2 protein chains.
Amino acid sequence: MAQFINTKETLVTEAIDGNLRTAGGLLVRLDGFPHIKVVLRNDWDKSKVALISGGGSGHEPAHVGYIGKGMLTAAVCGDVFASPSVDAVLAGILAVSGSAGCLLIVKNYTGDRLNFGLAAERARAYGIKVAMVIVDDDIALPDLPQARGVAGTLFVHKIAGALAEAGADLDTVCAAATRVIDNVCSIGMSLDTCTVPGSPKEERIEAGKAELGLGIHGESGVELVDFVSARDAMSLVLERLKPHAGNAPLVALLNNLGGTTPLEMAILAEELAKSDVIEGLQYLVGPAPMMTSLDMRGFSVSLLSMCDDDLALLQAPVDMTNWPGCRTIDAPIVHPIPDGLTPIKPIPSNDPAIARFIKRCCDVFIKAECTLNVLDAQSGDGDTGSTLAGAARALKDAIPRLPQADLTQLYRAIGLELSQTMGGSSGVLLAIFFSAVGDAASSGQSNVQALTSGLVRVQEVGGAHPGDRTMIDALAPALKALPNGFAAAAQAARAGADHTAEIVKAKAGRASYISEDRLKGHNDPGAEAVALLFESLTE
Amino acid sequence: MAQFINTKETLVTEAIDGNLRTAGGLLVRLDGFPHIKVVLRNDWDKSKVALISGGGSGHEPAHVGYIGKGMLTAAVCGDVFASPSVDAVLAGILAVSGSAGCLLIVKNYTGDRLNFGLAAERARAYGIKVAMVIVDDDIALPDLPQARGVAGTLFVHKIAGALAEAGADLDTVCAAATRVIDNVCSIGMSLDTCTVPGSPKEERIEAGKAELGLGIHGESGVELVDFVSARDAMSLVLERLKPHAGNAPLVALLNNLGGTTPLEMAILAEELAKSDVIEGLQYLVGPAPMMTSLDMRGFSVSLLSMCDDDLALLQAPVDMTNWPGCRTIDAPIVHPIPDGLTPIKPIPSNDPAIARFIKRCCDVFIKAECTLNVLDAQSGDGDTGSTLAGAARALKDAIPRLPQADLTQLYRAIGLELSQTMGGSSGVLLAIFFSAVGDAASSGQSNVQALTSGLVRVQEVGGAHPGDRTMIDALAPALKALPNGFAAAAQAARAGADHTAEIVKAKAGRASYISEDRLKGHNDPGAEAVALLFESLTE
């Protein structure tokens, strides 16, 4: 699988600069590429406790995406899935730590622990106050005393970040971070492995299976389970979390591991919200990609048992859009459908001349059924005649219940009848035509003006123009000539319809997919129908 | 490829409810599932122009994710890649339109045009002011007069949304939307097709190729091109946009089509920012998934030529995190690396007793090289002895330049020497140990207290505890006994080291991966080294 990278060696530094260029000046980085990859807030004045996190890359938006007011002060980035060096961490510490000191938030991986740990010692030798917490929220490997740090780390970033932003001292920030770590648990599930840039993809998970309890660096899950549905997947994940979940109120963080679509994540959110496996679940962060594993098609759920001011800290404002907010889990609010979906039935009225006129028009299409079908067979599936004739028969039947004496209502009613009896695009377009004519008539336009308004609307909505080999090629000239009488209109419609036989590059409608040879010499059936109608009206 | 769905039939309604449950009460939906899938703002009072968009699902966060203050009032959702019904659109119009009217923002697909168009007519029959604009920003198919609507639609949502929020009337909002449509162009590129839920995946794009000018519903690209690099990909896309790009200032929208990782998107942003293909490009929206095509591994770039107040409208605040903001494109800001990365060289000083003591310790490890290697071969690669002996030889050589007369500086200097000469985790851990001992000594602790502080720090950072079959099993009891003299310490270290032969479930370090049979009966080499050291000091 190709990826949008230039070289494996430069991908992290290029991505960092890409982030910087598009951060609106809010982020800066330290010099020292490629070995030192440290990004920090541009507005940092060292007056508060600095928060530094980081680790291997490939977990974006973690960690650079969480730098800013209310979360991280700096991120120290390693290469993909590789710990940053001691020097890089030390550079980060030195760059952001003032007299208030700094807190290192480290996910529990040996490389990160050691490199952040030694950097902390070096910084302490300079007299810098450095505290370090190690996040170990993953419950996938219960026998491993050193659980991995995964998406629950975001809770630490946010809660410690909000406290630090509010001016809390290092001991307070560190104590809160430690408390969050003690109260958070996470587990993930994935349908596929991730693609590490420059490495062949490991096709480990067979179709129909899912890995439960995977790591965020491509480590296998602890269990290969059958994948049945989003519902079952979420239930299984919550069942595993249940023994580790603390007291209510609980907040869940629903993390996209990278390659899951927002549609799927929303379904997982729905299943999480509806589930009764975990009691006391009241708030949700996400769903969103927060701690990803490249393009992994999976998700993780982290649960935090909240205490003290955790909710306020989780909801404190931040200036980056990668933190999706922390919201209550609510039942969907459903409003009734507004009145008006069932169109008002027009009140029937009589006008014998109008009734005769409509009947006469309908008969034209009924009579032309076969002719138009034959024409349509040249460019389509040969049913234009039958479609029009069917609609005409239905409209004839409807004449007694039409509001014949009210022209505005009559046009609208014809549009409604056609939309209900005539399938396909043409039914919708004719319904739009007659509705628009009715609107125009109601605003006092003459018949010809109103019909022209309808044509304009059909062109707007349908997108067809004269010359596109559609009924418009006959209708437009006919309506233009109509003020001079039916004979002139019929003549114009005929000329327009016949011209369509020369249009071999159809640009709209179905005929646009047909070869030129098949079109040449045959009138467009819609235009022909219009010509036949106007010709019949001159008789 | 399995997906996190329950059934193909329910996926869109479940996703909508998932969105609603996690929207913090900001969104509501109309009754009428599954046919009517309309989501609207919960805080809408019909006092302003309503903005309605929608179309097929599968483009998330479009369109539900853009409902809120400053963007859409409602979204009408179809099934995946399918237009919503006329009734659904009409329900949406009726639900949100007040006397100020509403604007329908429709992407240029026949089904959407017709269904939104007819719904507009029906609403007009109720006297509702309805305007409709059709977005056709895709430049992939230059011969098709009806260009498709793709990610450029977001510019229309945002600019029209900001105007409507500010109280502009329908004509003004509609004119601005039309102007944006006239000034925007887009094209996409993808490395793989999308996976439509319930359908087998079409493996259309061979490895090493990319499709340029694809649609957002799985339509093939107009060209299959060689994929070389992110740089080439971005250049090609910008070259195609160039003839369509309007006057400066330009704003680009960099859209993730779904399955591209944030790392890749950041690299594409970097290439976009650095490129000189398009002149006058000053602002960027994204990179972010905005108008996706399920899980498509691709991106699109939309360019808008800005006029009037477009910049202010694009930067006007909104209350959803799916709009990533519109920011200037800047050169990365780079700060110098802070001083302090090169550790201060300690000033050498003489203390013959100390020098003799260090030499004596070093000799213990040099002498034990073979013994410890043999032990280590039971649980690892048999090099613990050589690693320690090598570090001891280097430290012996360094004795003349050590600050022998300043205990704090001496501990730190030993830590530094070890971190530079001893590889692997053990080198880092010993460096941390001696640095921490130095810190503790500088704060006035006795030697035994300081050494114990170092041990505590090593345990914190390394995560190993007594009983984990590491050097700590000898060092911890030795330091505890040390106040009673070297003999007591040696005895305790020996007991601790010998006990490691009984620990067959190693919980930290490399031995945790080794079978129990191989561990039993053999001391841990690290613990044995500590025991040997203390035993030698009693001689």
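Computed from a prediction, not measured in an experiment: that's the story for all the values here.

Draft legend 1. Highlighting the overall build of chain A. For chain A, the count of helices and strands is 18 helices and 14 strands. A globule of 539 residues ought to have a C-alpha radius of gyration of about 24 Å, yet chain A, at 35 Å, is considerably larger. Counting the 539 residues in chain A, one finds 60% classified as buried. For chain A, long-range pairs separated by at least 24 residues make up 71% of all intrachain contacts whose partners lie at least 6 apart in sequence. Across chain A, the centroid of the 43 positively charged side chains sits 5 Å from that of the 62 negatively charged ones.

Draft legend 2. Looking closely at the relation of the copies chain A and chain B. With an axial shift of 0.0 Å and an RMSD of 0.1 Å, the rotation relating chain A to chain B amounts to 180 degrees. Put plainly, the chains are arranged around a two-fold axis. Here 100% of the interface residues in chain A have copies in chain B that are interface residues too; the copies meet face to matching face.

Draft legend 3. Representation of the pattern of salt bridges. Taken as a whole and assessed by the stated rule, the structure comprises 59 salt bridges over all chains. In this structure, A:Glu270 engages B:Arg21 in a salt bridge whose closest nitrogen and oxygen atoms are separated by 2.6 Å. Placement of the pair is A:Glu270 in helix α7 (residues 262-274) and B:Arg21 in helix α1 (residues 11-21), with the two residues belonging to separate chains. Taking relative accessible area as the criterion, B:Arg21 reaches 13% and is therefore assigned buried. One salt-bridge network, in which partners are shared between bridges, spans A:Arg41, A:Asp43, A:Lys48, A:Lys69 and A:Glu165.

Draft legend 4. Seen up close, the side chain of B:Arg494. Residues and elements named next belong to chain B. Summarising the element assignment, Arg494 is placed in helix α16 (residues 486-499). Taking the relative accessible area as the measure of exposure, Arg494 reaches 18% and is therefore buried. Side chain to side chain, Arg494 and Glu535 meet in a polar contact 2.6 Å long. The contacts of Arg494, once residues within four sequence positions are left out, are Asn523, Glu528, Ala531, Leu532 and Glu535.

Draft legend 5. How the structure looks around the packing of aromatic side chains. This model, assessed by the stated rule, comprises eight aromatic pairs over all chains. Relative to B:Phe227, the ring of A:Phe4 has its centre 5.5 Å away and its plane inclined at 90 degrees; by these criteria the two rings are edge-to-face. Taken together, the positions of A:Phe4 in the segment before α1 (11-21) and B:Phe227 in the loop between β9 (223-226) and α6 (230-241) put the pair across two chains. An identical accessibility class is assigned to A:Phe4 and B:Phe227; each is buried. Taking 6.5 Å as the distance between ring centres and 25 degrees as the angle between the ring planes, the aromatic pair formed by A:Tyr411 and A:Phe434 counts as stacked. Here the residue A:Tyr411 occupies a position in helix α12 (residues 407-421), and A:Phe434 occupies one in helix α13 (residues 424-442), the gap between them amounting to 23 residues.

Draft legend 6. Local environment of the environment of A:Glu264. With respect to the helices and strands, the residue A:Glu264 is situated in helix α7. Assessed through its relative accessible area of 4%, A:Glu264 is described here as buried. For the pair A:Glu264 and A:Ser349, spaced 85 residues apart in sequence, the C-alpha separation works out to 53 Å. Apart from the residues lying within four places of it in its own chain, the contact partners of A:Glu264 are B:Gln3, B:Phe4 and B:Ile5.

Draft legend 7. Quick look at the sheet that holds strand β13 (residues 326-328) of chain B. All names here are of chain B. With respect to topology, seven strands assemble into an open sheet ordered β9-β8-β7-β12-β10-β11-β13, the strand pairing being mixed. The open sheet is flanked by β9 and β13, the only strands paired with a single partner. Sheet twist, expressed as the mean angle between neighbouring strand axes with direction ignored, is 25 degrees. Inspection of the sheet shows strand β11 (residues 281-288) paired to β13 by three bridges, in the antiparallel sense. Note that in β13 the partner of Val285 across the bridge is Cys326.

Draft legend 8. Expanded view of the nonpolar core. By size, the foremost hydrophobic cluster in this structure holds 103 residues, and its most contacted members are A:Leu254, A:Phe299, A:Val301 and B:Leu103. Leaving out residues up to four positions away in the same chain, A:Val301 has contacts with A:Cys185, A:Ser186, A:Ile187, A:Met234, A:Val237, A:Leu238, A:Leu241, A:Ala252, A:Leu253 and A:Leu254. Counting 102 residues, the second largest nonpolar core, distinct from the first, contains A:Leu103, A:Ala177, A:Ile216 and B:Val277.

Draft legend 9. Expanded view of the packing of helix α9 (residues 352-367) of chain A against helix α11 (residues 384-398) of chain A. All names here are of chain A. Packing of α9 against α11 leaves a shortest axis separation of 8 Å and a crossing angle of 155 degrees. As summarised for this structure, α9 and α11 are arranged roughly antiparallel, according to the angle between their axes. As α9 runs across α11, the sense of the crossing is left-handed. Each of Ile358, Lys359, Cys362, Asp363, Phe365 and Ile366 in α9 lies in contact with α11, whose residues at this interface are Leu388, Ala389, Ala392, Arg393, Leu395 and Lys396. Partitioned by chemical class, the residues of the contact of α9 with α11 number eight nonpolar, no polar and four charged.

Draft legend 10. Representation of the state of the cysteines in the model. Applying the stated criterion across every chain, the model contains zero disulfides over all chains. Here A:Cys77 is not disulfide-linked; the sulfur of A:Cys102 is the nearest cysteine sulfur, at 16 Å. With no disulfide of its own, B:Cys370 lies 19 Å from the sulfur of B:Cys362, the closest cysteine sulfur. Note on B:Cys370: relative accessible area 54%, which makes it exposed.

Draft legend 11. A look at the sheet that holds strand β5 (residues 102-107) of chain B. As summarised here, the arrangement of the seven strands in space is β14(A)-β1(B)-β2(B)-β4(B)-β3(B)-β5(B)-β6(B), forming an open sheet in which the pairing is mixed. Of all the strands in the sheet, the pair left with one neighbour each is β14 (334-335) of chain A together with β6 (130-135) of chain B. Across five bridges, the pairing between strand β3 (residues 50-57) of chain B and strand β4 (residues 74-80) of chain B is parallel. For B:Gly54, the partnering residue across the bridge sits in β4(B) and is B:Val76.

Draft legend 12. Geometry of unusual backbone geometry. At the junction of B:Glu60 and B:Pro61, the peptide bond is cis and its omega measures out at 10 degrees in the coordinates. Among the structural elements, B:Pro61 can be located in the loop between β3 and β4. For the peptide bond that leads from B:Ala248 to B:Pro249, omega is 0 degrees, which places it in the cis range. Take B:Pro249: it is sitting in the loop between α6 and β10 (250-256). One non-glycine residue with positive phi stands out, namely A:Arg469, at about 65 degrees. If you trace the backbone, A:Arg469 turns up in the loop between α14 (447-462) and α15 (472-481).

Draft legend 13. View of the interface of chain A and chain B. Taken together, the contact pairs 121 residues of chain A with 121 residues of chain B. Taken together, both faces of the contact between chain A and chain B bury some 9,900 Å²; the carbon and sulfur share is 64%. The three residues of chain A that bury the most area against chain B are A:Phe4, A:Arg21 and A:Leu263, which together make up 10% of that side's buried surface. Linking chain A to chain B there are eight salt bridges. Taken together, the links from chain A to chain B amount to 39 residue pairs in polar contact (both at pLDDT 80 or more). Among the residues making up the side of chain A that touches chain B, the classes are represented as 63 nonpolar, 30 polar and 28 charged. Here β14(A) runs beside strand β1 (residues 27-30) of chain B; their pairing, made up of two bridges, is parallel. If you follow A:His335 over to β1(B), its bridge partner there is B:Leu30.

Draft legend 14. Structural context of the pairing of strand β2 (residues 38-41) of chain B. Residues and elements named next belong to chain B. Examined bridge by bridge, β1 and β2 share three bridges and lie antiparallel to one another. If you follow Arg29 over to β2, its bridge partner there is Val39. Alignment of β2 against β4, held across three bridges, turns out to be antiparallel. The residue bridging Val39 from the neighbouring strand is Ala75, located in β4.

Draft legend 15. Quick peek at the domain arrangement of chain A. Entries for chain A in the domain assignment read domain 1 (11-315) and domain 2 (352-536). Inter-centroid distance (C-alpha atoms) of domain 1 of chain A to domain 2 of chain A is 62 Å.

Calculation criteria
Residues numbered from 1 in each chain as written. Chains lettered and ligands numbered in written order. Predicted model: local features only at pLDDT ≥ 70, side-chain atom pairs only at ≥ 80, totals over all residues. Heavy atoms only, no water. Helix = DSSP H or I, 4+ residues; strand = E, 2+ residues; numbered from the N terminus. Rg over C-alpha atoms; globule rule 2.2 N^0.38 Å. Buried < 20%, exposed > 50% of the residue type's maximum accessible area, 1.4 Å probe, protein only. Contact = heavy atoms within 4.5 Å. Lys, Arg positive; Asp, Glu negative; His and termini not counted. Charge placed at Lys NZ, Arg CZ, Asp CG, Glu CD. Least-squares fit on C-alpha atoms with pLDDT ≥ 70 in both. Salt bridge = Lys/Arg side-chain N within 4 Å of Asp/Glu carboxyl O. Polar contact = N/O pair within 3.5 Å; in protein donor to acceptor, adjacent residues only side chain to side chain. Phe/Tyr/Trp six-rings, centres within 6.5 Å; stacked < 30°, edge-to-face > 60°. Pairing = 2+ DSSP bridges. Axes fitted to C-alpha atoms, helices over the stretch in contact; angles between N-to-C directions. Core = buried A, V, L, I, M, F, W, Y, C linked by side-chain atoms within 4.5 Å. Parallel < 35°, antiparallel > 145°, perpendicular 65-115°, else oblique. Left-handed = near helix turned anticlockwise from the far one by under 90°. Nonpolar A, V, L, I, M, F, W, Y, C, P; charged D, E, K, R; others polar. Disulfide = S-S within 2.5 Å. Buried area = accessible area lost by both parts, 1.4 Å probe. Domains from an automatic or database assignment.

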